[in-house]
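Residues per chain are reported as follows:
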Amino acid sequence: MRQDPEPPPPGGVLWTISGDIRQLLMLPPAFTMQVAHPAIGAGVDQYSVFRTDPWGRGERSIRSVQLWVYGGEAAVEEGRRVRRLHKDIQGTDTRGRRYHSLDPACYSWVHATGFPVYRHAARYLYRRFTPEQERQLYREWLQVGRILGLHDRDMPQTIEEFWPYYRRMLAEEIELTPVARELLATDLPLPRPEGGPLPLRVLTRLAWPLLRSLFLRFRAFATVGYMPPDARAALGLEWTPAQERRLRRFSAVVRNLVPLLPERWRYLPVAREARARWRAATGRERTAQ
C-alpha cells in the first residue's frame, strides 16, 4: 500500500518562513516566473480568474500554499484538490505546442520556481541562508512537490542537479508572455477588493483610483526586485541601481520590523494555528524566528 507523502517537518526552514507575512512579497515573482512558461501562461490566460477575481484568487492561492506546509493530514488532500483543479486544463501554448497543465514539464516548473525565489528574496527579507539551510530548504521543497503529486523523476533531486535544469529553462523556455506582461503592468484595470469591515470598504471605494495606482506600481517593483537576477535577465526586465537601493532600504525596514510583531500579526492564519497546535502538543514555548 502506497503511503501518503509527508509535509515538511515542524521547525524546518519552510515551517519558519512560508507562513510569515513576508511570504506575500515572494509570491508575485514566483507566479510571474511560472506564467513566463509559454504553456503555463496560456493556461492561466484561458482558464484563470486572475483578471476578474484577483483578490479571491490570491487569497485561495495563499491558503493552498499554507496547507502544503502546515496542513498536516490536510496537506495531502489539498495536493489532490490542486491536481483535480488542473486536470482539464489543456490547449495550445504561445509557441503553437499542445500542452496539458499536469504534464510534468509544465507542472514541475510551477513548483520549481519557489526554490530560487525563496533563496533570493530571503537575502533581503530574512538573512542569507547557509549552505546547509539551502540544502534543507530544497529537500523540504521536494517534499512539498510530492504533496502536489510530483514524482521524484519529475524534479531534480539535488541542488547540484537543480541549477542546470533551472538555467536550461531560463535559456530555452521562459519568455515575457502576455500574462507575465499583465502582472508587471501599472496601467491596467484592477477590480476593487470587496471584503473587510464597512469603514475599510468605504475608504477603499473612495480612494480606489489612487490605491489601485499605488498597488500596481508596488507590485511591479516587488515582483521584479525579488525575482532572481538571472530570471529577470531572461525576461529582459530592467532593474536599475537606483531601484536596487530602494529595494534594499524597503527590505531592511521589513526585515527588522516584522520579527517585532505579535505572532497573530506576523503569521498568516493557517500557519499561526498550526504553530499553536504544535507548541501545545510538544510543550514548546513561543520563540521568535
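Before any of the text, the structure's been laid out above.
### Overview of the overall build of the chain
So, step 1. Along the backbone of the chain there are 15 helices and two strands.
So, step 2. Computed over its C-alpha atoms, the radius of gyration of the chain comes to 19 Å, within 12% of the 19 Å expected for a compact globule of 289 residues.
So, step 3. Counting only residues that meet the buried cut, the chain has 47% of its 289 residues in that class.
So, step 4. Within the chain, contacts between residues separated by at least 24 positions form 73% of all contacts whose residues are at least 6 apart in sequence.
So, step 5. Within the structure as shown, the chain displays about 15,200 Å² of accessible surface, and the carbon and sulfur contribution to it stands at 57%.

### With respect to the packing of helix α7 (residues 114–125) against helix α9 (residues 159–172)
So, step 1. Packing of α7 against α9 brings their axes to within 11 Å, and their N-to-C directions diverge by 100°. Relative to α9, the element α7 is oriented roughly perpendicular. Listed contacts from α9 to F115, P116 and R119 of α7 are I159, F162, W163 and Y166.
So, step 2. In the contact of α7 with α9, the residues fall into six nonpolar, no polar and one charged.

### Overview of helix α3 (residues 38–47)
So, step 1. For α3, a buried count of seven out of ten residues is recorded, marking the element as mostly surrounded by other parts of the structure.
So, step 2. Listed as buried for α3 are P38, A39, I40, G41, A42, G43 and V44.
So, step 3. Where the residues of α3 are buried, they touch α2 (23–35), β1 (90–92), β2 (98–100), α6 (104–112) and α10 (178–184).

### Some details on the packing of aromatic side chains
So, step 1. Applying the stated criterion to the full structure yields 18 aromatic pairs.
So, step 2. Note on F162 and Y166: the rings are 5.7 Å apart at their centroids and 20° apart in plane angle, and the pair reads as stacked. Of this pair, F162 and Y166 are both found in helix α9, four residues apart, which corresponds to roughly one turn of the helix. The same class applies to F162 and to Y166, which are both buried.
So, step 3. Aromatic rings pair up to connect W109, F115, Y138, F162, W163, Y165 and Y166 into one cluster.
So, step 4. R264 extends its terminal NZ or CZ atom over the ring of W265, reaching a point 5.2 Å from the ring centre.
So, step 5. Positioned above the aromatic ring of Y267, the side-chain terminus of R275 is 4.0 Å from the ring centre.

### Observations concerning α2
So, step 1. An ideal rise of 1.5 Å per residue puts 18 Å on 13 residues; α2 measures up with 19 Å between its terminal C-alpha atoms.
So, step 2. Burial of α2 is extensive: ten of the 13 residues sit out of reach of the surface.
So, step 3. For α2, the set of buried residues is Q23, L25, M26, P29, A30, F31, T32, M33, Q34 and V35.

### Things to note about empty space enclosed by the protein
So, step 1. Applying the stated criterion to the full structure yields one cavity of 30 Å³ or more.
So, step 2. Of the voids in this model, the largest cavity is the one considered here, and its volume is about 30 Å³.
So, step 3. As for the largest cavity, its lining consists of L142, G145, R146, L150, H151, D152, M155 and Q157.
So, step 4. Split by residue class, the lining of the largest cavity holds three nonpolar, three polar and two charged.

Definitions and limits used
Residues numbered from 1 in each chain as written. Predicted model: local features only at pLDDT ≥ 70, side-chain atom pairs only at ≥ 80, totals over all residues. Heavy atoms only, no water. Helix = DSSP H or I, 4+ residues; strand = E, 2+ residues; numbered from the N terminus. Rg over C-alpha atoms; globule rule 2.2 N^0.38 Å. Buried < 20%, exposed > 50% of the residue type's maximum accessible area, 1.4 Å probe, protein only. Contact = heavy atoms within 4.5 Å. Areas by Shrake-Rupley, 256 points an atom, 1.4 Å probe, with all protein chains shown as cover. Axes fitted to C-alpha atoms, helices over the stretch in contact; angles between N-to-C directions. Parallel < 35°, antiparallel > 145°, perpendicular 65-115°, else oblique. Nonpolar A, V, L, I, M, F, W, Y, C, P; charged D, E, K, R; others polar. Phe/Tyr/Trp six-rings, centres within 6.5 Å; stacked < 30°, edge-to-face > 60°. Lys NZ or Arg CZ within 6 Å of the ring centre and 35° of its normal. Expected span 1.5 Å × (residues − 1). 1 Å grid on protein atoms, 1.4 Å probe; cavity = no way out; pocket = protein on both sides within 12 Å on 5 of 7 lines; lining within 4 Å. Points joined across faces, edges and corners; volume = space filled by probe spheres on them.

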